[in-house]
Amino acid sequence: MESSFSFGVVLAVLASLIIAANALVAVVMMLLIHKNDGVGLCFTLNLAVADTLIGVAISGLVTDQISSPARSTQKTLCSLRMAFVTSSSAASVLTVMLIAFDRYLAIKQPLRYFQIMSGLMAGACIAGLWLVSYFIGFLPLGVPVFQQTTYQGPCSFFAVFHPRFVLTLFCVGFFPALLLFVFFYCNMLKIASVHSQQIRKMEHAGAVAGAYRPPRTPNDFKAIRTVAVLIGSFTLSWAPFFITGIVQVACQGCHLYLVLERYLWLLGVGNSLLNPLIYAYWQKEVRQQLYQMALGVKKGLTSLLLLLSARNGGPEGPRESSCHIVTISHPQLDA
């Protein structure tokens, strides 16, 4: 019971941090979209929304972990909760892959990028992404082989879902997504390297400074760096969970559920906390918008403190006013 209570406290803290960090990034992204009207920013906003939903989903598990076993959640409600967590996690993973593809397309086809990735296309990609995510998350509810035959609370992933579902997710979702990440990253690195070589050749040929504008190589390298960090954080966060889940499927006598649920699953969910931190640190426009928001909050607090101090000094106001009236009326008396 004490271990379950500690796990519930950790879940509560993690859920609060995930919701707060991603909600802040979502607000920043909406302000940037309103200013710049960028399609790529919509994908980053979708990532923040998906990660926020993960925080909301795991917050529903806190009560079940802290409460007594007699008040554990029913199997149907627990299955719905874990399906919602899985759907949000799948949406987060697919959005990261979509961001990588968006950057790859912008570097590979810079002249046709805005023709291909229009607002309608971006909306269709996001809508299709959520449909696929909810299909993946709620798949165990319609496939009995992915469900546990017995249920014993408290509510957790492997309390309702069989490890075969993890094996299927690895083969159909995690491994193909990882291959696509590597493909996009390697191709972007190759293109950026060619751009860099072209710049060095033109500079060596004596290109006149100011008359030549280099391609978007710094932005290209920034995009590659951001995508690489996202891929690395995703791989290190989720790979231990999937690999251990496959070991559990292969070794029926092994009892790795406690490690999977208490540590590795928590590590994977923690990826939703890394995504907003990575974007807030790597993207300059996000840092600038956060700075402007902080200045706005500071000005608002300063105005509020001045208003409160003015109200507290209210009793002295009538004295100054009465003296002022006497000063004005004195010349009239002399007349």
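Keep in mind that this is a model prediction, so the values were computed, not measured.

A. A look at the overall build of the protein chain. Per the secondary structure count, the protein chain includes 14 helices and zero strands. Sequence-distant contacts, at least 24 apart, represent 78% of the contacts inside the protein chain between residues at least 6 apart. Looking at the protein chain as shown, the accessible area adds up to about 18700 Å², and 68% of this sits on carbon and sulfur atoms.

B. Spotlight on the packing of helix α2 (residues 39-59) against helix α6 (residues 119-137). The geometry of α2 relative to α6 is characterised by a closest axis approach of 10 Å and an angle of 20 degrees between their N-to-C directions. It follows from the interaxial angle that α2 and α6 lie roughly parallel. For the crossing formed where α2 meets α6, the hand is right-handed. Residues Val39, Cys42, Phe43, Asn46, Val49, Ala50 and Leu53 of α2 pack against Gly119, Ala122, Ile126, Leu129 and Trp130 of α6. Looking at side-chain class alone, the contact of α2 with α6 contains 10 nonpolar, two polar and no charged residues.

C. Quick look at the side chain of Ser88. The residue Ser88 is located in helix α4 (residues 75-108) in this model. Residue classification places Ser88 among the buried residues on the basis of a relative accessible area of 0%. A polar contact of 3.0 Å, which involves the side chain of Ser88, links it to the backbone oxygen of Phe84. Residues contacting Ser88, with those up to four places away along its chain left out, are Ala50, Leu53 and Ile54.

D. Looking closely at the layout of surface pockets. Empty space within the second largest pocket amounts to approximately 490 Å³. In terms of lining, the second largest pocket is formed by 25 residues, of which the most central are Ala90, Ile136, Leu169, Gly173 and Phe242. Per-element tally for the lining of the second largest pocket: the top contributor is helix α9 (residues 163-204), with eight residues. Within the lining of the second largest pocket, the residues separate by chemical class into 21 nonpolar, four polar and no charged.

E. Molecular detail of the nonpolar core. Ranked by internal contacts, the top residues of the largest apolar core, which has 65 residues, are Ile58, Met82, Phe157, Phe241 and Trp265. Mapped onto this core, the elements with two or more residues apiece are α1 (2-36), α2, α4, α6, α8 (157-160), α9, α10 (217-250) and α11 (257-269). It is α4 that contributes the most residues to this core, 15 residues altogether. Those residues within four positions of Phe157 in sequence are excluded, and the remaining contacts are Met82, Thr86, Phe165, Val166, Phe241, Glu261 and Trp265. Counting 10 residues, the second-largest nonpolar core is a separate cluster that includes Ala26, Ile33, Leu41 and Ala48.

F. Quick peek at the packing of aromatic side chains. Under the counting rule described, the total for this entry stands at 22 aromatic pairs. Consider the rings of Trp238 and Phe241, whose centres lie 5.8 Å apart with planes at 75 degrees: the pair is edge-to-face. With Trp238 and Phe241 both in helix α10 and three residues apart, this pair spans about one turn of that helix. As far as burial versus exposure is concerned, Trp238 and Phe241 are alike and both buried. An aromatic cluster is defined as three or more aromatic residues linked by ring pairs; in this entry it consists of Phe146, Phe157, Phe158, Phe161, Phe165, Phe170, Phe174, Phe175, Trp238, Phe241, Phe242 and Tyr257. Above the plane of the ring of Phe7 lies Arg262, whose end atom (NZ or CZ) is 4.8 Å from the centre.

G. Structural detail: the packing of α2 against α4. Running from N to C, α2 and α4 point in directions that differ by 160 degrees, and their axes come no closer than 8 Å. Taken together, the axes of α2 and α4 are roughly antiparallel relative to one another. Crossing of α2 against α4: the hand is left-handed. In this structure, α2 contributes Gly40, Phe43, Thr44, Asn46, Leu47, Ala50, Asp51, Leu53, Ile54, Ala57 and Ile58 to the contact, and α4 contributes Phe84, Val85, Ser88, Ser89, Ala91, Ser92, Thr95, Val96, Leu98, Ile99 and Asp102. A breakdown of the residues in the contact of α2 with α4 according to their chemical character gives 13 nonpolar, seven polar and two charged.

Reading guide: rules and limits
Residues numbered from 1 in each chain as written. Predicted model: local features only at pLDDT ≥ 70, side-chain atom pairs only at ≥ 80, totals over all residues. Heavy atoms only, no water. Helix = DSSP H or I, 4+ residues; strand = E, 2+ residues; numbered from the N terminus. Contact = heavy atoms within 4.5 Å. Areas by Shrake-Rupley, 256 points an atom, 1.4 Å probe, with all protein chains shown as cover. Axes fitted to C-alpha atoms, helices over the stretch in contact; angles between N-to-C directions. Parallel < 35°, antiparallel > 145°, perpendicular 65-115°, else oblique. Left-handed = near helix turned anticlockwise from the far one by under 90°. Nonpolar A, V, L, I, M, F, W, Y, C, P; charged D, E, K, R; others polar. Buried < 20%, exposed > 50% of the residue type's maximum accessible area, 1.4 Å probe, protein only. Polar contact = N/O pair within 3.5 Å; in protein donor to acceptor, adjacent residues only side chain to side chain. 1 Å grid on protein atoms, 1.4 Å probe; cavity = no way out; pocket = protein on both sides within 12 Å on 5 of 7 lines; lining within 4 Å. Points joined across faces, edges and corners; volume = space filled by probe spheres on them. Core = buried A, V, L, I, M, F, W, Y, C linked by side-chain atoms within 4.5 Å. Phe/Tyr/Trp six-rings, centres within 6.5 Å; stacked < 30°, edge-to-face > 60°. Lys NZ or Arg CZ within 6 Å of the ring centre and 35° of its normal.

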